[in-house]
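# Architecture at a glance
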Amino acid sequence: MKPPPFRHHAPRTVDEALGMLADAPRAKVLAGGQSLIPLLNMRLAAPPDLVDINGVAGLDTVRCCDEGVRVGALARHARVERSVEAAAVQPLLGRALRHVAHPVVRNRGTVVGSLAHADPAAELPAVLAVLGGTVEAASARGRRTIPAAEFFAGPLESALAPGELAVEAFFPAAPPRTGTAFTETARRHGDYALSGVAAVVALDEDLRIGAARAGYLGIAPVPLVLDLTEAAGPHGDWPAAAAYVRERIDPESDIHASSRYRRHLTGVLTERALASAAAEALRRARE
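This is a predicted model, so every value here is computed, not measured. (Residues numbered from 1 in each chain as written. Predicted model: local features only at pLDDT ≥ 70, side-chain atom pairs only at ≥ 80, totals over all residues. Heavy atoms only, no water.)

### A closer look at the pairing of strand 6 (residues 134–139)
Heads up, the condition is: The rule is simple: take the accessible area with a 1.4 Å probe, protein chains only, and divide by the maximum for that residue type; under 20% is buried, over 50% is exposed, in between is partly exposed. A run of H or I in DSSP counts as a helix once it spans at least four residues, and a run of E counts as a strand once it spans at least two, with each numbered from the N terminus. By definition, two strands form a pair when at least two bridges between them are found by DSSP.
Where burial is concerned, most of strand 6 is hidden: five out of the six residues are buried. Sheet topology places strand 6 next to strand 7 (residues 142–147); six bridges connect them, and they run antiparallel. The residue bridging Ser139 from the neighbouring strand is Gly142, located in strand 7. Connecting strand 6 to the next strand, strand 7, in antiparallel fashion are two residues. Pairing analysis gives five bridges linking strand 6 to strand 10 (residues 165–172), with the strands arranged antiparallel. In the sheet register, Val135 faces strand 10, and the bridge partner there is Ala169.

Structure, rendered in structure tokens:
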């Protein structure tokens, strides 16, 4: 199928893009297009205007510092995935990106675009949520920083207002004595996951579990984050943490998997991810 008719706009600066979005509040932003183009072709979306930001200078940045990784709106998945600097600051980001679709998609799709699409089955929203990251939004009215806990409003629905452009995402750095892990299960490699877990485990000075939390994809309308510190205890009782998760999730059944299977699978993945993250935290603490 072909997309419905639309007006194509090609700004060269951020201010130009924001002006176009202000003049066309029903416009959609085109960056990587790996989510938007299929929606257009299937006639599931019919915006009258597309604001193509691929020609906007200065939005393809990946900046790493002690505080974290800042990813610009045009930075492709593949670039962030392969960034040695980003992996050193926050390894969870690259680990999750390796699970995003296929290389051809990652070569074109953008990190910020995936976040703005707000698909609860996607990897990056869960990563941003579990890390407590943020999205910076710009409009003709000014700029604001939106915490991940407020950014994802529902399935395919973000907190971006009409006229706003997501210009940057911030993924906080991994503190000392902290480990991360990402795992998911899909029917075929590259498919959306039946369930996925992004885990973060931090050790205290005595190398006991100081904090444990996990972000989930594919099991709720928005990325779900659970604090598992108390359930796991100071010595890392990961089966108990998995049982705690199973009691607190209510995934839906669909043509791919039943609710019962997804609940069981999520517990298995939780235990696996937490154990891996804790092992990495211990390695880092002993380095």
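Once the structure has been displayed, the description carries forward.
### Digging into the UniProt feature "domain: FAD-binding PCMH-type" (unreviewed entry) in the chain
The cut-off we apply is this: UniProt positions are given in the numbering used here, feature names are shortened, and annotations may be inferred rather than shown by experiment.
UniProt tags residues 1–176 as "domain: FAD-binding PCMH-type" (unreviewed entry). Counted over residues 1–176, helix gives 33% and strand 25%. Its end C-alpha atoms are 51 Å apart.

### A closer look at unusual backbone geometry
Backbone geometry places Ala101, a non-glycine residue, at a positive phi of 45 degrees. Relative to the elements of secondary structure, Ala101 occurs in the loop between helix 5 (91–97) and helix 6 (103–106). For Ala101, a relative accessible area of 19% translates into the label buried. Unusually for a residue other than glycine, Arg177 sits at a positive phi of about 60 degrees. Within the element layout of this structure, Arg177 appears in the loop between strand 10 and strand 11 (178–185).

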